[in-house]
Amino acid sequence: MVDALGVAVVGFGWMGRVHTQAYARVRHHYPHLPLRPELVAVAEEVPGRAEEAAERFGFASATRDWREVAADPRVHAVSITAPNFLHREIAVAMAGAGKHIWIEKPVGLTARDARAVADAVAGAGVQGSVGFNYRNAPAVEAARDLIAAGEIGTVTHVRIRLFSDYAAHPEGALTWRFERERGGSGVLGDLASHGADLARFLLGEIASLTADTAVFLPERARPTAAAAGHSRAAGGEPGPVENEDYVSCLLRFASGARGVLEACRVSVGEQNNYGFEVHGTTGAVYWDFRRMNELGVSRGTAYQDQPVSTVHVGPGHGEFAAFQPGAANAMGYDDLKVVEAHRFLRSIAEGTPYGATLTDAVHSAAVLDAMTRSAERGVWVAPELPG
């Protein structure tokens, strides 16, 4: 017997679409999942967008007011893919209404916002999952297993990079993403949040850090109409960019390992150049998102001139077997969100968290807050978890 579960999506930009498609696909890849998500409602404040989503994807109802979703008894679980400044209000309200939540990172503007959402979910006894999708790549999970098994010795240092050009064009519209009040941090929340999560996922807790940030395009044009994604706004009224385009950060892990995390949203020539290199006393492991299904591995006893082998992930690595029958058959970005949807729905079905949780979001946000403090003061700081 498969139980129907009414789901809703709040905020229907690109990520709202990705969540919706993940719900539609999840039982194709996980046929034994005891829940069948049904698209009950979609909420989006931009006029006409919710109605268009309902017609295209089959939501039973559409609204511009997310509060109607919170009050809807048909809805049991909600994807929150709205702008960052709305995360806390929407998520706390949804949890208070007894809805399970799948929320995109960074879960608000600060670690206190993330903590408020985590507390609301815990207090309501519902499940909460977070969109740290890169940790779901089978190669990343394989890297974590390899590191934990000591196959590269004791980890000495790591470099994590997240470079993109999505905001590199000088005519990029001055949307909420570039405002402190609505976007909070800039590339910290957009990309470095993933980097902080990957660092902790692979190597454990970050004990202290020192960071530097910069704004390279200090002014942009305000959009004259509703803007989606990273649209252009040539000729609009200019306004200041209030949050950072770039961050570099030195990390000290509780294990004693050292690290470098660097992220930039205005890197001309870089399209989703995300990845890591982890070095240990006897080897190393490398991952590049653009070659998502490959892992570079060096291990052995040679130390000097030790070769690197390319491992093509396959069944037995992470969730690969749910998508492809043999190694070197490629998975893609949207598949990672299907993995995430499955773990969210499994958490609901079994009452036990699977995948990235709101605790992970609080830890990531605490690292981002520490980066901000460090960049302002020019000193080493320790991430502080809010009470």
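Each remark here, short or long, concerns the structure printed above.
Residues numbered from 1 in each chain as written. Predicted model: local features only at pLDDT ≥ 70, side-chain atom pairs only at ≥ 80, totals over all residues. Heavy atoms only, no water.

Draft legend 1. Spatial organisation of empty space enclosed by the protein. Within the structure shown, the criterion is met by 1 cavity of 30 Å³ or more. Estimated volume of the largest cavity: approximately 50 Å³. The wall of the largest cavity is formed by Ser 129, Val 130, Phe 132, Asn 136, Glu 340, Arg 343, Phe 344, Tyr 354, Gly 355 and Ala 356. Of all the secondary-structure elements, those providing two or more residues to the lining of the largest cavity are strand 6 (128-130) and helix 9 (333-350). Per-class residue counts for the lining of the largest cavity are 5 nonpolar, 3 polar and 2 charged. (1 Å grid on protein atoms, 1.4 Å probe; cavity = no way out; pocket = protein on both sides within 12 Å on 5 of 7 lines; lining within 4 Å. Points joined across faces, edges and corners; volume = space filled by probe spheres on them. Helix = DSSP H or I, 4+ residues; strand = E, 2+ residues; numbered from the N terminus. Nonpolar A, V, L, I, M, F, W, Y, C, P; charged D, E, K, R; others polar.)

Draft legend 2. Just the nonpolar core, in detail. If you look at the biggest cluster of nonpolar residues, it comprises 79 residues, and the most contacted ones within it are Leu 202, Leu 209, Val 278, Val 285, Trp 287 and Met 371. If you tally residues by element for this core, the top one is helix 8 (residues 187-203), at 10 residues. In contact with Val 278, other than residues within four places in its own chain, are Ile 147, Ile 152, Val 155, His 157, Val 158, Leu 202, Leu 203, Gly 283, Ala 284 and Val 285. Within the second largest apolar cluster, 35 residues are counted, among which are Ala 111, Ala 356, Leu 358 and Ala 361. (Core = buried A, V, L, I, M, F, W, Y, C linked by side-chain atoms within 4.5 Å. Buried < 20%, exposed > 50% of the residue type's maximum accessible area, 1.4 Å probe, protein only. Contact = heavy atoms within 4.5 Å.)

Draft legend 3. Representation of the sheet that holds strand 16 (residues 309-312) within the structure. Across the sheet, 8 strands lie side by side as 8-11-12-7-13-14-15-16; this open sheet has mixed pairing. The open sheet has two edge strands, strand 8 (206-214) and strand 16, and neither has a second partner. The average angle at which neighbouring strand axes cross in this sheet is 15°, direction not considered. In the packing of helix 6 (residues 138-148) onto the sheet, contacts are made with strand 7 (155-163), strand 13 (273-280), strand 14 (283-288) and strand 15 (294-299), and the angle to strand 15 comes to roughly 20°. Taken strand by strand, helix 10 (residues 358-377) contacts strand 8, strand 11 (246-253) and strand 12 (258-264), and its axis lies near 55° from that of strand 8. (Pairing = 2+ DSSP bridges. Axes fitted to C-alpha atoms, helices over the stretch in contact; angles between N-to-C directions.)

Draft legend 4. Molecular detail of the side chain of Asn 84. Summarising the element assignment, Asn 84 is placed in helix 4 (residues 84-96). Polar side-chain contacts of Asn 84 include one of 3.4 Å to the backbone oxygen of Gly 183. Those residues in contact with Asn 84, other than ones at most four positions away along the chain, are Lys 105, Pro 106, Gly 108, Leu 109, Trp 176, Arg 182 and Gly 183. (Polar contact = N/O pair within 3.5 Å; in protein donor to acceptor, adjacent residues only side chain to side chain.)

Draft legend 5. Spotlight on the sheet that holds strand 5 (residues 100-103). One open sheet accounts for 6 strands, arranged 3-2-1-4-5-6; its pairing is parallel. On the outer flanks of this sheet lie strand 3 (61-63) and strand 6, each paired with one strand and no other. Sheet twist, expressed as the mean angle between neighbouring strand axes with direction ignored, is 25°. Bridge count for strand 5 against strand 6 is 3 bridges, and the pairing is parallel.

Draft legend 6. Representation of the pattern of salt bridges. Evaluated as defined, the whole model comprises 27 salt bridges. Taking the shortest distance from any N to any O, the salt bridge between Arg 25 and Asp 335 comes out at 2.6 Å. Separated by 310 residues along the polypeptide, Arg 25 in helix 1 (residues 14-29) and Asp 335 in helix 9 bring together distant segments of the chain. Judged by its relative accessible area of 24%, Arg 25 falls in the partly exposed class. Residue classification places Asp 335 among the buried positions, given a relative accessible area of 11%. Salt-bridge contacts for Lys 337 lead to Glu 340; the nearest nitrogen and oxygen are separated by 2.8 Å. Note that Lys 337 and Glu 340 are positioned in helix 9 at a spacing of 3 residues, about one turn of the helix. When salt bridges that share partners are traced, they join Arg 135, Asp 197, Arg 200, Glu 205 and Asp 360 into one network. (Salt bridge = Lys/Arg side-chain N within 4 Å of Asp/Glu carboxyl O.)

Draft legend 7. Structural view of the pairing of strand 1 (residues 3-10). Among the 8 residues that make up strand 1, 6 are buried, leaving the element largely enclosed by the rest of the structure. Of the strand pairs in this sheet, strand 1 and strand 2 (residues 35-43) are connected by 8 bridges, and their pairing is parallel. Looking at strand 2, one finds that Ala 8 is bridged to Ala 41. Crossover handedness for the path strand 1 to helix 1 to strand 2: right-handed. (Right-handed = clockwise from strand over helix to strand, strands pointing away.)

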